[in-house]
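# Geometric and topological summary
Given next are the chains, with one letter for each unit.
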Amino acid sequence: MHWGGASQSVLADSNSIGDTSVQHVSTVTQTATADSQPEASQTNYNQSDHGNYACLDSAKLNDQAQLTVSGWHATNAAQDRPYHYIIAYDSTNHRELSRQNITDQEVSRPDVQQVHNVYNANNSGFNVTFNLRQQLANLQNVQIISRYTNDQAGNGNAADYWFSPITIDQRNYGNLDSVKVVNNQLELSGWHATNQSTNKPYHYIILLDRSIGREVGRILVRQTLQRDDVAKVYPNINGAGNSGFRALFNLNGINFNHQLQALSRFSSSADGNSGYSDYYFPLITNGHAANQGYLDQFNFSNNHSLIVSGWHANDLAAFEPYQHIIIYDMTANRQVATTLGKTVQRPDVSRVLPQIKGSASAGFFAQFDLAHLQLFAGHQYAVISRYSTSQTGNGDQGSYTDYWSQPVTISNEQGANIDNVAMTKEGLQLSGWMASNQAISRPYAFLIVLNDGREVGRQSVQLTSRPDVARYFNQRVYNCENSGFNTLVHLNPASLTGTMQIILRFSADPTGNSNYTDQYSHTYATSGHSFDQLTVNNNTLTVSGWDANNQSYSRPYQFIIVLDQNSHELARTKIDPIARPDVARQFPYIFNSAQSGFQTSLNIANYQLAGHLIKIIHRFSSDVNGNSDYVDCYGGYYLAANGQPASGITRINGETYYFDYGNHQMVTNSWIDGVYFGNDGRLSKGQFSARVIQWFVNHEGKLTYSRFGARDGSDGTADCSGAMTVALNSAGASQPTEVYTTRNIGNYLVQNGYHLVYQGDGVITPEYGDIIIWRDLDRHTGNFNHIVIASGSSANPQAISVSFLTHGKPGTAVQEMPYNQYWRLHGSMGQQVYRLINQGRN
């Protein structure tokens, strides 16, 4: 306690107030009876003390504009002044606010009497409440006066004590606790308390659009909300206990992308336009809301729905609570579909964009029924995520904020594959998959079988699940998730006689005949055969192989037939098929390929076949004897002089053939070593080289080696380079200017279409028709040089030329032998290989 002259100020608490509730507090102002007569209550006191003692122990202004003061005032001057008043005085405007006669309500203060033994000190206390509601709004401070007087009205012959002024808090306090959209209305809730409100009975919440400098709307607060929390923090502010508000604004005309601000106004006028005190809350929106998003998925991999998902983080999402997902055709410039999205929690987005409100729930998911959605291959589409205040339509009737995804192009991408194919008696069994973005508008799927481009069978298919295909396309191709098929195309296997191909078709026509898009498989053979082996042993010819042909469907009988080179039949035998699972694995699409094998032996003792061409026929026939309605495959062979099948390049009666080294079968319609063997097996492209070789063959046994005669064979003698000069010329090379040597024939070769393809001393494998010069590459002498032409294939190279291997024995100059043997016999010298630029030259 402070004794003596005292002062007390009532100061407002400036601490901020949170979101709490407030209750209304009622107080009662004590009053004194004006004509009461006091009685002296003290006789033993210090009459010589002339002090004027007082203390304002407490001054409290409550939220009902009631100022309660308590304290004491003791002085000997009160002895002849029996009336005691407490006066509230506006010291700023120098006017009395209120007074109370407390003569009969003095408070006992024995503590005061013990310290200041003056007149009536024992009853010098007071506790008075003033109702300042009418004056509080304009008060800056209040000064309390304690007065002793002999005037019953308290106006004259007074002994006063003026306490220090009490400062009245005229500041505004408030908080906007919540801003949200509820039932298509913007709800603002919070509180506002100020002593300036005591003479301003009208409370408005006003919403401003600062971007356009316009008031959006105002709401009169007709019912305040109890806020005990506010009263607890600001007990000296009028109305703090009932300072809460809740205001609902129509969303029409509110643009959350603008700067929006709310203010709370207490006004003395009913329309709120004059005599007011405002409290501006912080901006609700700043006009620069963050707006980011990403489209994670645009998935129409099944034919039922389009699924889109992603995220859209925006500071305004709390005010625009309805998220519309819109599919927009950027090519056609029109909206295709809209639906309300489902919110998905996205903690990953929140971690990256924590500054955006609500980013943790920024995810969206939407599903569209493809049956009611027109999408087109080749068009670009955007997915729009729209936060809107409107739930109806696409949200464009309210305030909204859009995020446009990067364009998604529905390309013309497509794909298909025949995984398994098998020819059966009933038709072609096919399994695989087919998918195309063109199928968006072409829902009917077909498999069509072609024979040489002509349709022989068709089957509609119901596509089934293929998650592997969906993964392959990353779900970007329409209905790839359901792209599989496994079906039988009914057809007669015998109707496939040429090249088979499968069309995988999507069509808008239920019959598949119009408005379609096709994908083509690779081509499939409808027949195949191989004569794997032919051997001759003790006049017994054994042949084995396989023959698969769709024509065998209606031709159950099989035969092996042997023909001579004039196509005369020599032998025939009826055979039973043998299992060939290897053929079935390679050719499952040919009928009965699993039972396509054959092996049989025939006696050829009665025929002189050595040195002759023969043909082996495998025949399917509907005739039990094999003489009608048949389908044949051929294999040509040459039985050398020893009666064994030939292999490699072989000259027969002036013609050049090639026989496979594995099965000894005549090769047809194939390029080997740059030359071509035609349909009948004869060399048809590369005859220039054949003529050069044939010149040497024609002079076997006719030439004697000599370097000192004519050298070109004209006198019965020749050397290697002279013979090569005339052989080239006879085959069609240009007229030589001389009989060349190994030292200068290279230029002649180049002039006639050859080029040097190798020079060195390593082991080589020449190709048919190559001309090779053997020489010491470090010297320029020609004494031991040699030149040959490769007369065999690279698989078994032979060489022919005029040679001194027989040491000049008459009629033995032309020699042909394996190339590497020939080269080593000549000392394995360095090699220059000349090859025709056009090896197929005729």
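Residues numbered from 1 in each chain as written. Predicted model: local features only at pLDDT ≥ 70, side-chain atom pairs only at ≥ 80, totals over all residues. Heavy atoms only, no water.

## Some details on the overall build of the protein chain
The line we're drawing: Put simply, DSSP marks the helices as runs of H or I at least four residues long and the strands as runs of E at least two long, and each gets a number from the N terminus on. It is over C-alpha atoms that the radius of gyration is taken, and the globule rule equals 2.2 Å times the number of residues to the power 0.38. Think of it in three bands: with a 1.4 Å probe and only protein chains considered, a residue is buried below 20% of the maximum accessible area for its type, exposed above 50%, and partly exposed in between. Note on definitions: a residue-residue contact is assigned when non-hydrogen atoms from the two residues lie within 4.5 Å. Using a 1.4 Å probe, accessible areas were evaluated by the Shrake-Rupley method; residue-level cover was limited to the displayed protein chains. Two residue types count as positive, namely Lys and Arg, and two as negative, namely Asp and Glu; His and chain ends fall outside the count. Charged groups are reduced to one reference atom each: NZ for lysine, CZ for arginine, CG for aspartic acid, CD for glutamic acid.
If you tally the helices and strands in the protein chain, you get 9 helices and 53 strands. In terms of C-alpha radius of gyration, the protein chain reaches 58 Å, well past the compact-globule figure of 28 Å for 842 residues. Projected onto its principal axes, the C-alpha coordinates of the protein chain cover approximately 180 × 75 × 45 Å. For the protein chain, the residues scored as buried account for 51% of the 842 residues in total. Considering only contacts in the protein chain between residues 6 or more positions apart, those separated by 24 or more positions represent 65%. In the form shown here, the protein chain has an accessible surface area of approximately 37,800 Å², with 44% of it arising from carbon and sulfur atoms. For the protein chain, the distance from the average site of its 53 positive side-chain charges to the average site of its 65 negative ones is 8 Å.

## Things to note about the pairing of strand S27 (residues 427-436)
We apply this condition: A pair of strands is considered paired only if DSSP assigns at least 2 bridges between the two.
By the criterion of burial, S27 is predominantly enclosed, with 9 of the 10 residues buried. Pairing between strand S26 (residues 414-423) and S27: 9 bridges, direction antiparallel. In the strand pairing of S27, valine 421 is matched with leucine 430.

## Points about unusual backbone geometry
Positive phi, normally seen in glycine, also occurs at asparagine 157, with a value near 40 degrees. Along the polypeptide, asparagine 157 turns up in the loop between strand S6 (141-149) and strand S7 (158-162). The backbone phi angle of arginine 711 is positive, close to 75 degrees, even though this residue is not glycine. When you line up the elements, arginine 711 lands in the loop between strand S46 (704-705) and strand S47 (717-718).

## A closer look at helix H6 (residues 687-698)
Helical geometry: 3.6 residues make up each α-helical turn, so side chains three or four residues apart lie on a common side. Quick note on the threshold: Take the residue count of a helix, subtract one, and multiply by 1.5 Å to get its expected span.
Between its first and last C-alpha, H6 extends 15 Å over 12 residues, near the 16 Å set by a 1.5 Å rise per residue. Of all the positions in H6, only Phe688, Ser689, Ala690, Val692, Ile693, Trp695, Phe696 and Val697 are classed as buried.

## Some remarks on the sheet that holds strand S5 (residues 125-131)
We apply this condition: Axis geometry follows a simple rule: fit a line to the C-alpha atoms, using only the stretch in contact for helices, then measure angles between N-to-C directions, giving values from 0 to 180 degrees.
An order of S1-S2-S5 is seen for the 3 strands of this open sheet, with the pairing classed as antiparallel. Looking at strand neighbours, the two that pair on one side only are strand S1 (52-61) and S5, the edges of this open sheet. Strand-to-strand, the axes of this sheet are offset by a mean angle of 20 degrees, without reference to chain direction.

## Topic: the environment of phenylalanine 249
Position of phenylalanine 249 among the secondary structure elements: in strand S13 (residues 244-250). Considering only alpha carbons, one finds phenylalanine 249 and alanine 525, 276 residues apart in sequence, at a separation of 78 Å. Not counting residues within four places of it along the chain, the set of residues in contact with phenylalanine 249 comprises Gln185, Leu186, Leu188, Ile205, Ile206, Leu207, Gly217, Arg218, Ile219 and Ile254.

## Topic: the sheet that holds S13
The sheet built from 3 strands is open, its strands ordered S9-S10-S13 with antiparallel pairing. Two strands bound the open sheet, and with one partner strand each, they are strand S9 (172-182) and S13. When strand polarity is set aside, the average angle formed by the axes of neighbouring strands in this sheet is 20 degrees. Of the pairings in the sheet, the one linking strand S10 (residues 185-194) to S13 comprises 7 bridges and is antiparallel in character. Counted as the bridge partner of leucine 186 is phenylalanine 249 from S13.

## Brief notes about the packing of aromatic side chains
Defined as follows: A pair of Phe, Tyr and Trp rings is counted when the ring centres sit within 6.5 Å of each other, with Trp represented by its six-membered ring. The angle between the planes then sorts it: under 30 degrees is stacked, over 60 is edge-to-face, the rest tilted. Charge-over-ring contacts are defined here by two conditions on Lys NZ or Arg CZ: a distance within 6 Å of the ring centre and an angle within 35 degrees of the ring normal.
One pass over the full model with this rule turns up 31 aromatic pairs. Here tyrosine 89 and tryptophan 162 contribute two aromatic rings whose centre-to-centre distance is 5.3 Å and whose plane-to-plane angle is 75 degrees, an arrangement assigned as edge-to-face. Within this pair, whereas tyrosine 89 is found in strand S3 (residues 83-90), its partner tryptophan 162 is found in strand S7, the two being separated by 73 residues in sequence. Judged by relative accessible area, which is 17%, tyrosine 89 ranks as buried. Assessed through its relative accessible area of 41%, tryptophan 162 is described here as partly exposed. Arranged with centres 6.0 Å apart and planes meeting at 70 degrees, the rings of phenylalanine 298 and phenylalanine 300 form a pair that is edge-to-face. Its relative accessible area of 13% is what places phenylalanine 298 among the buried residues. According to the relative accessible area criterion, phenylalanine 300 is buried, its value standing at 1%. An aromatic cluster is present here, built from Tyr524, Trp546, Phe587 and Tyr589 joined pairwise through their rings. Above the ring of tyrosine 85, the side-chain terminus of arginine 99 is found at 5.8 Å from the ring centroid. The ring of phenylalanine 688 is capped by arginine 841, whose NZ or CZ atom sits 4.0 Å from the centre of that ring.

## A short note on the nonpolar core
Filter applied, for reference: The set of buried Ala, Val, Leu, Ile, Met, Phe, Trp, Tyr and Cys residues whose side-chain atoms join them within 4.5 Å is what this entry labels a nonpolar core.
Of all hydrophobic cores here, the largest spans 49 residues; its most connected members are Leu306, Val308 and Leu375. Counting residues per element, this core draws most heavily on strand S31 (residues 499-507), which supplies 4 residues. Counting 40 residues, the second largest nonpolar core, distinct from the first, contains Val667, Ala727, Tyr740 and Ile789.

## Looking at the side chain of serine 70
The topology assignment puts serine 70 in strand S2 (residues 66-75). Not counting residues within four places of it along the chain, the set of residues in contact with serine 70 comprises Cys55, Leu56, Asp57, Ser58, Phe126 and Asn127.

## Things to note about helix H7 (residues 720-731)
With 12 residues, H7 should reach 16 Å at 1.5 Å per residue; the first-to-last C-alpha distance of 16 Å fits that figure. Of all 12 residues in H7, 9 are buried; the element is thus mostly enclosed. Residues of H7 that are buried: Cys720, Ser721, Gly722, Ala723, Met724, Thr725, Ala727, Leu728 and Ala731. Positive backbone phi, at 130 degrees, marks glycine 732, one or two positions downstream of H7.

## Some words on the confidence of the model for the protein chain
Stated formally: How sure the predictor is of each residue is captured by pLDDT, a score from 0 to 100.
Per-residue confidence for the protein chain averages 91 on the pLDDT scale, and 94% of its residues sit at or above 70. Low pLDDT, under 50, characterises residues 1-41; the predicted model gives this stretch 133 contacts beyond four residues in sequence or across chains.

## Let's talk about the pattern of salt bridges
Note the cut-off: Here, a salt bridge means any Lys or Arg side-chain nitrogen found within 4 Å of an Asp or Glu carboxyl oxygen.
For the structure on display, the rule yields 31 salt bridges. With a closest N to O distance of 2.9 Å, arginine 346 and aspartate 348 form a salt bridge. Using a relative accessible area of 16% as the deciding quantity, one classes arginine 346 as buried. Beyond isolated ion pairs, a larger network of salt bridges with shared partners links Asp57, Arg109 and Asp111.

## Side note on the environment of glutamine 462
By secondary structure assignment, the location of glutamine 462 is in the loop between strand S29 (454-461) and helix H4 (467-472). Sequence separation between glutamine 462 and serine 527 is 65 residues, and the spatial gap between their C-alpha atoms is 30 Å.

## Some thoughts on the packing of H6 against H7
Under the convention used in this document: Note on terminology: angles under 35 degrees are roughly parallel, angles over 145 are roughly antiparallel, angles of 65 to 115 are roughly perpendicular, and the others are oblique. Left-handed describes a crossing in which the near helix is turned anticlockwise from the far one by less than a right angle; the clockwise case is right-handed.
The contact between H6 and H7 brings their axes to 8 Å, and the two run at 135 degrees. Considering their axes alone, H6 and H7 lie oblique with respect to each other. Judged by the sense of rotation from one axis to the other, the crossing of H6 with H7 is right-handed. The residues of H7 that touch H6, namely those facing Phe688, Arg691, Val692, Trp695 and Phe696, are Ala723, Met724, Val726, Ala727, Leu728, Ser730 and Ala731.

## Describing the pairing of strand S11 (residues 202-209)
Of all 8 residues making up S11, 7 are buried, and the element is well covered by its neighbours. Pairing of S11 with strand S14 (residues 259-267), which is carried by 8 bridges, proceeds in the antiparallel orientation. In the strand pairing of S14, isoleucine 206 is matched with leucine 263. Linkage of S11 to strand S12 (residues 214-220), two consecutive antiparallel strands, is achieved through a turn of 4 residues, within which glycine 213 is found at a positive phi near 65 degrees.

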